[in-house]
Amino acid sequence: IELFDLEYSKKITSLGLPTIFIDCAADLFYPDLEADLLLMENEHSTYRLTKQLIDKGCRTLGFIGDYHHCKSFHERWTGFTRALNEKGISLDLNQCVLNPDREFFSDSDWMDKRLGEMKHLPSGFVCANDFIAVNVMKALKNKDLHIPEDIVVTGFDNANESRIVEPHLTTVHIYSNEMGITAANMLLSRMKEPSQPYQVTHIQTKPIFRESTGD
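Conventions adopted
Residues numbered from 1 in each chain as written. Predicted model: local features only at pLDDT ≥ 70, side-chain atom pairs only at ≥ 80, totals over all residues. Heavy atoms only, no water. Core = buried A, V, L, I, M, F, W, Y, C linked by side-chain atoms within 4.5 Å. Buried < 20%, exposed > 50% of the residue type's maximum accessible area, 1.4 Å probe, protein only. Helix = DSSP H or I, 4+ residues; strand = E, 2+ residues; numbered from the N terminus. Pairing = 2+ DSSP bridges. Axes fitted to C-alpha atoms, helices over the stretch in contact; angles between N-to-C directions. Phe/Tyr/Trp six-rings, centres within 6.5 Å; stacked < 30°, edge-to-face > 60°. Lys NZ or Arg CZ within 6 Å of the ring centre and 35° of its normal.

A. Focus on the nonpolar core. Among the nonpolar cores identified, the biggest contains 37 residues, and Ile64, Met111, Phe125, Ile132, Val136 and Val153 are the most heavily contacted of them. Of all the secondary structure elements, the ones that give two or more residues to this core are helix 3 (43-55), strand 3 (61-64), helix 4 (71-86), helix 5 (110-116), strand 4 (124-127), helix 6 (130-142) and strand 5 (152-154). Here the element with the most residues in this core is helix 6; it accounts for seven residues. With 12 residues, the next largest nonpolar core counts Leu49, Ile174, Met179 and Ala183 among its residues.

Set out below in structure tokens:
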């Protein structure tokens, strides 16, 4: 679960044991995995979130998260950029925070510093997960900005903090129980038929619009 080291992933699959990965390294080419892979649906849900923000009037949007961190983050980045492209909005990397994931946890005021380096904040931030989004909201509040009046924020995961933070966070719900059941069934199937073609499976997710985007 959430093993993102490419070389270690290959070492595990080389053991010849029935294996299923839940998420994987961002730069992993699926056929090279030689194991079953289960992911939540990431791209289209993030696309829908981003498109909704644009349709409501956002003309500048930034992404916050390391899209090299894992396959899920990379798919969310893909959904974000696809929505911008379809709406004819230019991607401004100066309004994104794409640092390596480990840096996001380095200092308590790390996000404050990153946002402080931006000459112009976008009208909204699409964040790779709820943990990042909550930290972005704290940093924005420290700059005396109001959410969603001054800037909107979205996350991903529908974690507990998304329903506690004020305003409540627009996010994407992951059906975790269903993912667990599917993972178990995929593994049992692999044990029963080791030679069957490897599967790459996405489980549906659901955007949830709340007050952080004015919904």
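The discussion continues.
B. Main features of the sheet that holds strand 3. Spatially, the three strands line up as an open sheet ordered 3-4-5, and their pairing is parallel. Strands with a single pairing partner mark the edges of an open sheet, and in this sheet they are strand 3 and strand 5. This sheet shows a mean twist of 20° between the axes of neighbouring strands, independent of strand direction. Relative to strand 5, strand 4 is paired through three bridges, and the arrangement is parallel.

C. Region of interest: unusual backbone geometry. For the bond from Ile147 to Pro148, the omega torsion is 10°, close enough to zero to count as cis. Along the chain, the position of Pro148 falls in the loop between helix 6 and strand 5. Residues Glu166 and Pro167 are joined by a peptide bond in cis, for which omega reads -10°. The residue Pro167 is located in the loop between helix 7 (160-164) and strand 6 (171-174) in this model. Despite not being glycine, Asp23 has its phi angle at roughly 70°, a positive value. Mapped onto the secondary structure, Asp23 falls in the loop between strand 1 (20-22) and helix 2 (30-33). Even without a glycine there, the phi angle at Asp144 is positive, about 60°.

D. A look at the pairing of strand 7 (residues 200-203). Covered by surrounding structure in strand 7 are Thr201 and Ile203 only, the residues Val200 and His202 on the alternate face being uncovered. Strand direction decides the pairing type here: strand 2 (residues 36-40) and strand 7, joined by four bridges, are parallel. Paired with Met40 across the bridge in strand 7 is Ile203.

E. Representation of the packing of aromatic side chains within the structure. Considering all chains together, one arrives at six aromatic pairs under this definition. Three or more aromatic residues joined by ring pairs make a cluster, and in this case those are Phe63, Tyr67, Trp77 and Phe80. Residue placement shows Arg76 over the ring face of Phe156; its charged tip is 3.7 Å from the ring centre.

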